[in-house]
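# Survey of secondary and tertiary structure
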Amino acid sequence: MAKLKPIFLLFITVIFILLGCGKGKTAFTMAGSTAFQPFAEKLADQYMANHSNVSITVQGGGSAVGIQSANSGAAQIGMADLVILPTEAKSLTSIVVAKDGIAVVVNPKNQVNNLSTDQVRDIFNGKIANWKEVGGVDAAITVVSREAGSGTRSSFEQIITNITLKKDALIQDSNGTIRETVANDANSIGYLSHGLINDKIKPLKIDGQESSSESIIAGKYKLVRPIFLLLKDAPSGEIKNFIDYILSSEGQQTIQKNGLIPAK
Amino acid sequence: MKLVGEKTVKGILGTIAFSAISALLLIALFILNEGLPFIFKYGVREFLFSSDWQPHLNKFGIFPMIAASLWVTLGAMIVGAPLGVAVALFLSEYVPQAVMRIIKPTIELLAAIPSVVYGFIGVMVLAPIIRNSFGGPGLSLLAGSIILGIMILPTVISISIDSILAVPQSFREGSLALGATTWQTIHMVIIKASKSGIIASIILGLGRAIGETMAVIMVAGNSVNIPTSPFNSVRTLTANIALEMSYATGLHRQALFATGVILFIVIIILNSIASVAIKKRTIKK
């Protein structure tokens with residue numbers, strides 16, 4: 001029994017510390033899009049550093065979870081990165097806080113630099129199955145896509161239009177694993193968030209337009225999706241202050257510095 | 001005073017034991033409750049035998065996943081079972097007991113390697129080898145089978161060794177005394193006497209292979225596709241649940257639970273077969 005005493009005391013202390021933390025604080029939760037999650041975490045950290053009375057929890061889960069939890073109240077702010085919001089989100093207040101380009105990427109060894117929207121569609125549908133049909137070497141194309149329900153995938157399919165993904169396309173469950181797969185396979189093609197491009201993969205021009213920040217802001221590059229914050233009611237109180245902070249020049253700079261495109 | 005302590009401990013241990021069992025019951029009930037209504041609403045035949053899995057169009061046919069799970073598991077058996085049984089026979093019959101006591105725990109360490117590490121090795125080493133020597137994407141049925149075959153080795157080896165060592169020494173001596181060589185003793189006496197235990201070890205390995213998720217997601221490519229060659233990419237039942245779980249809502253979510261029901265049933269059947277086989281062995285002894 002004597003041995004348990006310090007553990008018991010520690011336990012009590014921890015509980016009191018936790019209780020003390022909650023006192024007098026406004027707490028709210030953000031959940032949803034994994035593409036925006038790291039940005040939301042950074043913004044929340046910066047905001048909490050200056051507003052010690054606010055505590056913000058950021059969770060992932062995907063765009064569908066963002067919409068669902070904003071609807072159910074499980075999170076005060078939902079995050080979603082979809083071109084068209086589904087009907088469940090119609091009753092929610094939506095605010096665009098950033099834009100994200102979707103880059104179509106291939107292995108750096110690939111000679112192809114540019115594809116038209118039609119060619120991208122045909123490749124993902126399986127109608128074009130060899131790189132030589134689009135000006136590359138004679139090798140079968142390995143198509144890599146995301147899992148059903150992914151915000152990046154539905155945005156990609158909505159912008160390219162008429163995609164019925166070919167049956168033997170590889171499916172990876174995150175932007176990061178798409179990047180690894182394409183970096184490892186010289187004949188593969190995939191798509192991922194613009195912010196995650198590095199030198200292991202090569203972004204393609206689409207209809208002659210680069211997927212650079214400048215080209216996205218100028219509205220020339222077409223594979224762009226908005227990132228929404230979703231709220232059940234119009235924002236008020238600390239939540240409104242936080243959203244104002246995200247939309248302020250400081251918040252937008254944080255977003256841009258880390259690879260997304262500012263909302264305006 | 002001492003007696004009271006005894007009773008308290010019994011009570012505490014009893015509660016803990018019961019909560020472990022009730023956790024199993026709760027999980028089973030939860031999965032069945034979420035998944036079964038969907039299966040009946042959607043149609044058992046349509047769910048099991050349609051190969052159209054398009055959640056956004058409300059089409060939920062899991063036949064490609066069932067086929068993939070069975071193929072990957074079969075592949076893992078082809079890779080893992082002969083290898084595992086061979087290692088078990090070698091260690092128990094050809095190697096001195098002292099050496100075996102060092103090697104067996106080392107092999108069992110294989111089971112302590114997290115599955116994500118197996119997956120990582122599969123992606124980084126195995127997939128490029130398959131891609132470069134056979135073509136295709138590399139992330140394939142074959143890659144999944146090889147990785148799973150290695151992952152089930154510790155299960156197959158350690159249970160096989162246990163059942164081979166359970167064969168009475170007099171059997172071996174009798175056979176050798178009749179002039180049989182070690183190999184003749186092994187295939188005519190030892191394997192026959194420990195057959196049910198070896199089969200049980202393979203079935204338990206099979207259960208592990210069919211339930212493995214992380215490594216398979218990483219190496220099998222995950223296309224919803226009925227495989228026509230070992231170099232095709234496939235998606236298993238477990239991978240299907242894990243990949244789409246975080247996004248699924250409504251019908252799609254229920255369909256994933258229903259996938260879990262099918263998986264649950266398959267694993268229960270396999271484990272029952274294994275425990276019957278193990279029981280047979282103990283009765284024989």
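This one's a predicted model, so the numbers in the text were calculated from it and none came from an experiment.

Calculation notes
Residues numbered from 1 in each chain as written. Chains lettered and ligands numbered in written order. Predicted model: local features only at pLDDT ≥ 70, side-chain atom pairs only at ≥ 80, totals over all residues. Heavy atoms only, no water. Helix = DSSP H or I, 4+ residues; strand = E, 2+ residues; numbered from the N terminus. Buried < 20%, exposed > 50% of the residue type's maximum accessible area, 1.4 Å probe, protein only. Contact = heavy atoms within 4.5 Å. Lys, Arg positive; Asp, Glu negative; His and termini not counted. Charge placed at Lys NZ, Arg CZ, Asp CG, Glu CD. Areas by Shrake-Rupley, 256 points an atom, 1.4 Å probe, with all protein chains shown as cover. Buried area = accessible area lost by both parts, 1.4 Å probe. Salt bridge = Lys/Arg side-chain N within 4 Å of Asp/Glu carboxyl O. Polar contact = N/O pair within 3.5 Å; in protein donor to acceptor, adjacent residues only side chain to side chain. 1 Å grid on protein atoms, 1.4 Å probe; cavity = no way out; pocket = protein on both sides within 12 Å on 5 of 7 lines; lining within 4 Å. Points joined across faces, edges and corners; volume = space filled by probe spheres on them. Nonpolar A, V, L, I, M, F, W, Y, C, P; charged D, E, K, R; others polar. Domains from an automatic or database assignment. Phe/Tyr/Trp six-rings, centres within 6.5 Å; stacked < 30°, edge-to-face > 60°. Axes fitted to C-alpha atoms, helices over the stretch in contact; angles between N-to-C directions. Parallel < 35°, antiparallel > 145°, perpendicular 65-115°, else oblique. Core = buried A, V, L, I, M, F, W, Y, C linked by side-chain atoms within 4.5 Å.

### Details of the overall build of chain A
- A tally of helices and strands in chain A yields nine helices and 12 strands.
- Considered along the principal axes of its C-alpha atoms, chain A spans approximately 75 × 50 × 30 Å.
- Buried residues in chain A amount to 49% of all 264 residues.
- In chain A, once contacts between residues fewer than 6 apart in sequence are set aside, the share between residues at least 24 apart is 73%.
- Computed over 26 positive and 23 negative side-chain charges, the separation of the two mean positions in chain A equals 4 Å.

### Side note on the overall build of chain B
- Along its length, chain B carries 13 helices and two strands.
- Along the three orthogonal principal directions, the C-alpha set of chain B runs to about 70 × 70 × 35 Å.
- Across the 285 residues of chain B, 46% fall into the buried class.
- The long-range fraction of contacts in chain B, counting pairs at least 24 apart against all pairs at least 6 apart in sequence, stands at 71%.
- Element-wise, carbon and sulfur atoms account for 73% of the exposed surface of chain B, whose accessible area totals about 14,500 Å².

### Topic: the interface of chain A and chain B
- Taken together, the contacts link 26 residues of chain A with 23 residues of chain B.
- In total, about 1,800 Å² of surface goes out of reach between chain A and chain B, with carbon and sulfur atoms giving 52% of it.
- The closest approach of N and O atoms between B:Arg131 and A:Asp185, which form a salt bridge, is 3.8 Å.
- The tally of links between chain A and chain B comes to six residue pairs in polar contact (both at pLDDT 80 or more).
- Per-element accounting of the side of chain A that touches chain B gives the leading share, four residues, to helix 3 (residues 63-72) of chain A.

### Focus on the pattern of salt bridges
- For the coordinates displayed, the defined rule picks out 17 salt bridges over all chains.
- Close ionic contact of A:Arg121 with A:Asp118 constitutes a salt bridge, the shortest N to O distance being 2.8 Å. Of this pair, A:Arg121 and A:Asp118 both sit in helix 4 (residues 117-125), three residues apart, roughly one helical turn.
- Overall, A:Arg121 belongs to the buried group, its relative accessible area being 17%.
- Among the residues examined, A:Asp118 registers a relative accessible area of 44% and is labelled partly exposed.
- Residue A:Lys167 is joined to B:Asp52 by a salt bridge in which the shortest nitrogen-to-oxygen separation is 3.9 Å. Of this pair, A:Lys167 sits in the loop between helix 5 (151-160) and strand 7 (170-172) while B:Asp52 sits in the loop between helix 2 (44-49) and strand 1 (53-54), placing the two residues on different chains.

### What to know about the layout of surface pockets
- Roughly 790 Å³ of volume is contained in the largest pocket.
- Every residue lining the largest pocket is counted, 26 residues in all, and those nearest its centre are A:Ala64, A:Pro86, A:Gly149, A:Ser154 and B:His56.
- Of all elements in the fold, only helix 3 and helix 5 of chain A together with helix 13 (250-284) of chain B reach the threshold of two or more residues within the lining of the largest pocket.
- For the lining of the largest pocket, the class distribution of residues is 12 nonpolar, 11 polar and three charged.
- For the lining of the largest pocket, the two domains that each supply at least three residues are domain 1 (27-99 + 226-262) and domain 2 (101-217) of chain A.

### Brief notes about the packing of aromatic side chains
- In total, this model carries 16 aromatic pairs over all chains according to the counting rule given.
- By way of ring pairs, the aromatic residues B:Phe38, B:Tyr42, B:Phe47, B:Trp53 and B:Phe60 are connected into one cluster.

### Observations concerning the domain arrangement of chain A
Residues and elements named next belong to chain A.
- Along its sequence, chain A is organised into domain 1 (27-99 + 226-262) and domain 2 (101-217).
- On a C-alpha basis, the centres of domain 1 and domain 2 stand 28 Å from each other.
- Listed as interface residues are nine residues of domain 1 and, on the opposing side, 11 residues of domain 2.
- Carbon and sulfur atoms make up 61% of the area that domain 1 and domain 2 hide from each other, which totals about 840 Å².
- A breakdown of the residues in the side of domain 1 that touches domain 2 according to their chemical character gives four nonpolar, three polar and two charged.

### What about empty space enclosed by the protein?
- Applying the stated criterion to the full structure yields two cavities of 30 Å³ or more.
- When its volume is computed, the largest cavity comes out at roughly 60 Å³.
- In terms of lining, the largest cavity is formed by A:Ser33, A:Thr34, A:Ala35, A:Gly62, A:Ser63, A:Asp81, A:Arg146, A:Ser150, A:Gly151, A:Thr152, A:Asn175 and B:Tyr247.
- Its residues placed into classes, the lining of the largest cavity shows two nonpolar, eight polar and two charged.
- Counting contributing residues per domain, the lining of the largest cavity is built from domain 1 (27-99 + 226-262) and domain 2 (101-217) of chain A, each supplying no fewer than three.
- A volume near 30 Å³ is recorded for the second largest cavity.
- Lining the second largest cavity we find B:Ser69, B:Val72, B:Thr73, B:Leu148, B:Ala209, B:Ile210, B:Glu212, B:Val216, B:Thr236 and B:Thr238.
- Secondary-structure elements contributing two or more residues to the lining of the second largest cavity are helix 3 (63-94) and helix 10 (195-211) of chain B.
- Per-element tally for the lining of the second largest cavity: the top contributor is helix 3 of chain B, with three residues.
- Here the lining of the second largest cavity is composed, by residue class, of five nonpolar, four polar and one charged.

### Here we look at the side chain of A:Gln37
Residue and element names in this part refer to chain A.
- Considering the arrangement of structural elements, one finds Gln-37 in helix 2 (residues 37-50).
- In this structure Gln-37 comes out as buried when scored by relative accessible area, which is 19%.
- Residues contacting Gln-37, with those up to four places away along its chain left out, are Val-58, Gln-59, Gly-60 and Met-79.

### Brief notes about the packing of helix 8 (residues 237-247) of chain A against helix 9 (residues 249-257) of chain A
Residues and elements named next belong to chain A.
- Packing of helix 8 against helix 9 brings their axes to within 4 Å, and their N-to-C directions diverge by 60 degrees. What the angle tells us is that helix 8 and helix 9 run oblique. Here helix 8 contributes Tyr-245, Ile-246 and Leu-247 to the contact with helix 9, which in turn contributes Ser-249, Glu-250, Gly-251, Gln-252 and Ile-255.
- Taken together, the residues of the contact of helix 8 with helix 9 sort by class into four nonpolar, three polar and one charged.

### Section: the nonpolar core
- Membership of the largest hydrophobic core comes to 53 residues, with the highest contact counts inside it found for B:Ile147 and B:Leu148.
- With eight residues, helix 3 of chain B is the largest single contributor of residues to this core.
- Apart from the residues within four sequence positions on either side, B:Ile147 is in contact with B:Tyr118, B:Gly122, B:Leu126, B:Ala215 and B:Val219.
- A:Val104, A:Val112, A:Ile206 and A:Ile216 belong to the second largest nonpolar core, which has 32 residues in total.

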